[in-house]
Structure formats: C-alpha cells, structure tokens
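Report on the structure
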Amino acid sequence: MVGGGQLARMTHEAGIPLGIRFRVLSETPQDAAAQVAGEVVVGDHRDLATLRAFARGCDVITFDHEHVPTEHLRALEADGIPVRPGPDALVHAQDKGLMRARLTALGVECPRHRIVTDPADVERFATAEAGGFPVVLKTVRGGYDGRGVWVVRSAAEAREPFRAGVPVLAEEKVDFTRELAANVVRSPHGQAVAYPVVESVQVGGVCDTVIAPAPGLPEASALHAQRLALRIAAELGVTGHLAVELFETADGRILVNELAMRPHNSGHWTQDGAVTSQFANHLRAVLDLPLGDPRPRARWTVMANVLGGDFPDMYPAFLHCMARDPRLKIHMYGKDVKPGRKVGHVTTYGDDLADVRERARHAADYLRGTIDE
Ligand SMILES: Nc1ncnc2c1ncn2[C@@H]1O[C@H](COP(=O)(O)OP(=O)(O)OP(=O)(O)O)[C@@H](O)[C@H]1O
Ligand SMILES: [Mg+2]
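The structure presented is a predicted model; accordingly, all values stated were derived computationally and were not measured.

**Considering the pattern of salt bridges**
- For the coordinates displayed, the defined rule picks out 27 salt bridges.
- One salt bridge connects Arg23 with Glu39, and the closest N-O pair in it is separated by 3.0 Å. Of this pair, Arg23 sits in strand β1 (residues 23-26) while Glu39 sits in strand β2 (residues 39-42), and the two are 16 residues apart along the sequence.
- Taking the shortest distance from any N to any O, the salt bridge between Glu235 and Arg231 comes out at 3.8 Å. Separated by four residues within a single helix, Glu235 and Arg231 lie in helix α7 (residues 219-236), roughly one turn from each other.
- Look at Glu235 and you get partly exposed, because its relative accessible area is 39%.
- Residue class for Arg231 comes out partly exposed when judged on its relative accessible area of 36%.

**Quick word on the side chain of Lys96**
- As for its placement among the helices and strands, Lys96 is situated in helix α5 (residues 96-105).
- With sequence-adjacent residues up to four places away left out, Lys96 is seen in contact with Lys138, Thr139, Val140, Val149, Leu169 and Glu258.

**Digging into the packing of helix α10 (residues 315-324) against helix α11 (residues 353-368)**
- The contact between α10 and α11 brings their axes to 10 Å, and the two run at 170°. Between α10 and α11, the interaxial angle falls into the category roughly antiparallel. Contact with α10, carried on its side by Pro316, Ala317, Phe318, His320, Cys321 and Arg324, involves Glu358, Arg359, His362, Ala363, Tyr366 and Leu367 of α11 and no other residues of that element.
- Its residues placed into classes, the contact of α10 with α11 shows seven nonpolar, two polar and three charged.

**With respect to helix α9 (residues 278-286)**
- For α9, the tally of buried residues reaches eight of nine residues, placing the bulk of the element in the interior.
- Buried residues along α9 sit against α1 (6-15), β7 (176-186), β8 (192-194), β11 (240-249) and α8 (270-273).
- Immediately beyond the C-terminal end of α9, within one or two residues, lies Asp288, with a positive phi of roughly 55°.

**Comments concerning the coordination of the magnesium ion (ligand 2)**
- The coordination sphere of the magnesium ion (ligand 2), as far as protein atoms go, consists of Glu245 (OE), Glu245 (OE) and Glu258 (OE), spread over 2.0 to 2.7 Å.
- If you look at the magnesium ion (ligand 2), its six donor atoms make angles of 51 to 177° with each other, and the shape they trace is irregular. Of the two residues, Glu245 is situated in strand β11 and Glu258 in strand β12 (residues 254-260); the sequence distance between them amounts to 13 residues.

**Describing a nonpolar patch on the surface**
- A cluster of nonpolar side chains, Leu18, Leu287 and Leu289, forms an exposed patch at the surface whose accessible area comes to about 240 Å².
- With respect to the helices and strands, Leu18 occurs in the loop between α1 and β1.

**A few points about the pairing of strand β6 (residues 168-172)**
- Summarising burial for β6: five of the five residues are buried, a large majority.
- Residues of β6 alternate between two faces, with Val168, Ala170 and Glu172 on one and Leu169 and Glu171 on the opposite face, all of them buried.
- Strand direction decides the pairing type here: strand β3 (residues 113-116) and β6, joined by four bridges, are antiparallel. Directly across from Ile115, in β6, lies its bridge partner Leu169.
- Bridge analysis of strand β4 (residues 135-139) against β6 gives five bridges, and the strand direction is antiparallel. Bridge pairing in β6 places Lys138 opposite Leu169.

How each quantity is defined
Residues numbered from 1 in each chain as written. Chains lettered and ligands numbered in written order. Predicted model: local features only at pLDDT ≥ 70, side-chain atom pairs only at ≥ 80, totals over all residues. Heavy atoms only, no water. Salt bridge = Lys/Arg side-chain N within 4 Å of Asp/Glu carboxyl O. Helix = DSSP H or I, 4+ residues; strand = E, 2+ residues; numbered from the N terminus. Buried < 20%, exposed > 50% of the residue type's maximum accessible area, 1.4 Å probe, protein only. Contact = heavy atoms within 4.5 Å. Axes fitted to C-alpha atoms, helices over the stretch in contact; angles between N-to-C directions. Parallel < 35°, antiparallel > 145°, perpendicular 65-115°, else oblique. Nonpolar A, V, L, I, M, F, W, Y, C, P; charged D, E, K, R; others polar. Donors = N, O, S within 2.8 Å, 3.2 Å for Na, K, Ca; no water. Tetrahedral: all angles 85-135°; square planar, octahedral: opposite > 155°, others 65-115°. Patch = residues over 30% accessible without salt bridge, like charges linked within 9 Å, V, L, I, M, F, W, Y side chains within 5 Å. Areas by Shrake-Rupley, 256 points an atom, 1.4 Å probe, with all protein chains shown as cover. Pairing = 2+ DSSP bridges.

Below is the structure:
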C-alpha cells in the first residue's frame, strides 16, 4: 500500500488474519502504518524510482491516499505490476474537475460547476450559473479534510484558491440537509458489495461523526444511492473500496460531492459494525478474492473521530471510556497530536440511536480531552 497513514495501518490490521505480507511506502518511519507494518519502505511517492523499487516483488499495489501522479501509475502497470484501483479509475478520485466531467457525462446529478480562471470569472460563475454567492471553490488536486476547499462570498474573497497554481473548480453551494456516503467494494472479477448508506456529519470540513445506517433515509433513496455507487464503480472500472460522498437536499434529491477510491472515514464503522469491514473487503477486492458480507451487525452503529487535543497519557482516558461503555471500541492511530488532526476514532452500537450517539460522542470528547467527567 502506498501511503503510511491510518488507512494503511487499518488495512494492514485486516490482512493479518489472512497472512498477507503487507509492505507500506511511507513518508516517514513515524507514520501510522510504518509503526506497525512488517515491511516498511520510507520514501517519496511522487518519485518514480522510489515507487518502482517499492513495487518490485509486490503482487498488487493499492493506496491509502490519492496523491501518486497518474503517469507513475501507468509506468508501474507497464512494468507488469497490477495497480488497483488502476490509473484510469483513480484519476477520478485525484482530480475533482475530471470527476465532475465524467459523472456529468454519465448523467449523475452533481452540484452546478465549472473550472474558473480567476476571481472575476468566479463572479461570472456565481451570478450567471450558480444563483449568486456564496459559491464553493476547490483546487482540483491535492486537497483533503477540507484543505483545498473555500466558501467565498465575493470576488475579493476568491483570490486565495488561485495562489497554488492548480486549476480551480467552482461549485454552487448546495443547500443540503445532510451529507451521506454510499460505500461499495468491487473486485476485478466484477463482483461488488454495497454497505448500508450512512450519514456523515462534518465539522469545519472534517468528518466528525458517522451514523450507520443513515437515520430516516427512505428505502427508495438508500437503494438509489447504493445503485448509483455500484454503477459509478462499474462505469469507472474501480477495483477496491469506493466511497461516494453525497448531499441530500430538502426535496429528497441526492447529489454527488466527491469520490474516494480507498477505505474511507465514512466506512470506519464497518470495523466493528459490519460482518466484513471495508478494510478486509478492500484487501479481498484488490487480491481478487470473493468479497465478504457487508451487512450491519447491529441496529445502529456510530463512529466518532478523535481529533488532536491534549492527552499526554491515554491510560486514564481509556480507563474511563472502557468502564463507561463496554460496547465501545477504540482505534488510535499512533499519531503525534496536533490540534484538529484525526488521531483516532471510536465506534459503538446498540438499539437506541440517541443513546448510541451519546456514548460515541462522550468517548470521542473524553479522549480528546474536551470533557473530563
Ligand atoms: N458544492 C458544495 N456545496 C456545499 N458544501 C460543500 C460543497 N462542496 C464541499 N462542501 C463541503 O465541504 C466539505 C469538504 O469538501 P470535499 O469533500 O470536496 O473536500 P475534501 O477536502 O476533498 O474532502 P475530505 O474531507 O473528504 O478529504 C464537504 O464534505 C461539504 O461539507
Ligand atoms: Mg470529501
């Protein structure tokens, strides 16, 4: 797996029972996956020679992030290394402009959008195409966790996104009632599974809580979202896990926000809440093994991210959280704590949604150190 973050750490964990030898290409020896994986190569994923040396002897290459240049992936394929997902699919998770163009061509409903050239062009887009400010600006490549996304209220506010020298995509600001995610996994054989559609709550552009399944989502909407994700996976030729981030509007429409072709934060709940986790199914898919059952184990499962706060010693926090909720599962990534950085997550489950949410919220806040009851 290219990338040594928490997704690689948890994918590695899912491979242990299968006896998979898991090699990780990590930026530093301290990265979340580099701390635990059996074979760690430290190097730059943007350097082709590094990638080639890393890939030698691997049966298949997969990813923990979207940042490997497309031409390098083609070079690895030309070397005879299976790359999953392949570059022609992955590019739609790497480049938001290409993703919008392809989904629109497939007839998939997206926010109104176009590539903009400068702040004056943003103003033209806002007034002529998006029904006025505010609009959302995104650098087409390189963003994550809300970095690379701006909500702007005027042309004057629209200067910052152009500074990086990367093409900028403008979108109408969708007045959504909530965000959903449809997670599917597809194998090279063409077998696919769909997880229950979840609600994902973002705070400051970062995923905060995920509720599985999305409460109150009409069955027709859930089926529509699952079918949409399966169709996108098939049309784009995705292998592995595909997360389709969605907006639900008050009039019941479902629009696609973006795609991720790797395990995704909106699927972390599956570690403890589904028969087969997204990590296990991603591995099975990239190895072209039969996929596992995606169905939920409990009526409700809630995942809450633990953001970097102030916890020098985890032991007292574990003591409290585990004692308070025996159904709680804690997943920490071994990362250095920086304010706002995702350093772990918790899951818990049960029959009463309000109670499950409260237990997850409490544990995440306690681990972060924002409460000390
Ligand atoms: N067109 C839009 N209208 C309204 N809100 C939007 C729009 N696009 C993005 N957002 C908000 O900004 C968040 C981040 O946007 P997006 O998912 O495109 O960025 P990202 O940084 O690539 O994402 P991630 O956090 O998944 O890595 C979305 O989850 C949503 O809350
Ligand atoms: Mg997103």
